[in-house]
Amino acid sequence: MTTALWTPARLPLLTEKRFVITGSNAGLGYWAAEFLARRGASVVIAARNEQKATSAIASILTRAPSPTSAG
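J.: Honestly, the pairing of strand β2 (residues 42-46) in this entry has me stumped. Any pointers?
T.: A regular strand carries its side chains on alternate faces of the sheet. For strand β1 (residues 18-22) and β2, the ladder comprises 5 bridges, and the chain directions are parallel. Following the sheet pairing, Ile21 is matched in β2 by Ile45. Tracing the backbone out of β1, into helix α1 (residues 27-38) and back to the parallel element β2 gives a crossover that is right-handed.

Here it is, written out as structure tokens:
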């Protein structure tokens, strides 16, 4: 029996989906937010430190540019 490994590349397109990721300015939260954004999801970055959140958003947008900006 062959088992295919799951990778983030296997995520379906997530356009019209919105996710709130806590702790998304670093670590697993950051990577989850980035991969979801790469698949077209709208991601809400929830973090305690505004400066770190802003930095994470800028980084994610360089890797997964958004066609529109939502406030």
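J.: Where do I start with the nonpolar core in this structure?
T.: Note on soluble globular proteins: their nonpolar side chains tend to be buried together. Core analysis: the biggest nonpolar cluster contains 13 residues, and Ala33, Leu36, Ile45 and Ile60 have the highest contact counts within it. Of all the elements, α1 adds the most residues to this core, at 4 residues. When near neighbours in sequence (up to four residues on either side) are disregarded, Leu36 contacts Leu11, Leu14, Phe19, Ile21, Ala41 and Val43.

J.: What is the right way to read the pattern of salt bridges from this model?
T.: Note on pairing: side chains with opposite charge can pair once their charged atoms come close. Overall, the coordinates contain 2 salt bridges when judged by the stated rule. With a shortest N-O distance of 3.8 Å, Arg63 and Glu34 are connected by a salt bridge. Taken together, the positions of Arg63 in helix α2 (residues 50-63) and Glu34 in helix α1 put the pair 29 residues apart, joining distant regions of the chain. Relative accessible area serves as the criterion here: at 0%, Glu34 is assigned to the buried category. Among the charged side chains, a network of salt bridges with common partners joins Glu34, Arg38 and Arg63.

J.: Help me out: how do you make sense of the side chain of Glu34 in this one?
T.: A polar side-chain atom of Glu34 sits 2.8 Å from a polar atom in the side chain of Tyr30. Leaving out residues up to four positions away in the same chain, Glu34 has contacts with Ile60, Arg63 and Ala64.

J.: Sorry, what's going on with the packing of α1 against α2 here?
T.: Following both chains from N to C, one finds α1 and α2 inclined at 35°, their axes separated by 9 Å at the closest point. Along this stretch, α1 crosses α2, giving a crossing that reads as right-handed. Contact with α1, carried on its side by Tyr30, Ala33, Glu34, Ala37 and Arg38, involves Ala56, Ser59, Ile60 and Arg63 of α2 and no other residues of that element.

J.: Looking at this structure, I do not really get the packing of aromatic side chains. What am I missing?
T.: Think of a pair of aromatic rings as described by two things: how far the centres are apart, and how the planes are tilted against each other in angle. One pass over the full model with this rule turns up 2 aromatic pairs. Relative to Phe35, the ring of Trp31 has its centre 6.4 Å away and its plane inclined at 40°; by these criteria the two rings are tilted. Of this pair, Trp31 and Phe35 both sit in helix α1, separated by 4 residues, roughly a single helical turn.

Rules of the game
Residues numbered from 1 in each chain as written. Predicted model: local features only at pLDDT ≥ 70, side-chain atom pairs only at ≥ 80, totals over all residues. Heavy atoms only, no water. Pairing = 2+ DSSP bridges. Helix = DSSP H or I, 4+ residues; strand = E, 2+ residues; numbered from the N terminus. Right-handed = clockwise from strand over helix to strand, strands pointing away. Core = buried A, V, L, I, M, F, W, Y, C linked by side-chain atoms within 4.5 Å. Buried < 20%, exposed > 50% of the residue type's maximum accessible area, 1.4 Å probe, protein only. Contact = heavy atoms within 4.5 Å. Salt bridge = Lys/Arg side-chain N within 4 Å of Asp/Glu carboxyl O. Polar contact = N/O pair within 3.5 Å; in protein donor to acceptor, adjacent residues only side chain to side chain. Axes fitted to C-alpha atoms, helices over the stretch in contact; angles between N-to-C directions. Left-handed = near helix turned anticlockwise from the far one by under 90°. Phe/Tyr/Trp six-rings, centres within 6.5 Å; stacked < 30°, edge-to-face > 60°.

Everything listed here is a matter of geometry and, on its own, says nothing about what the molecule does.
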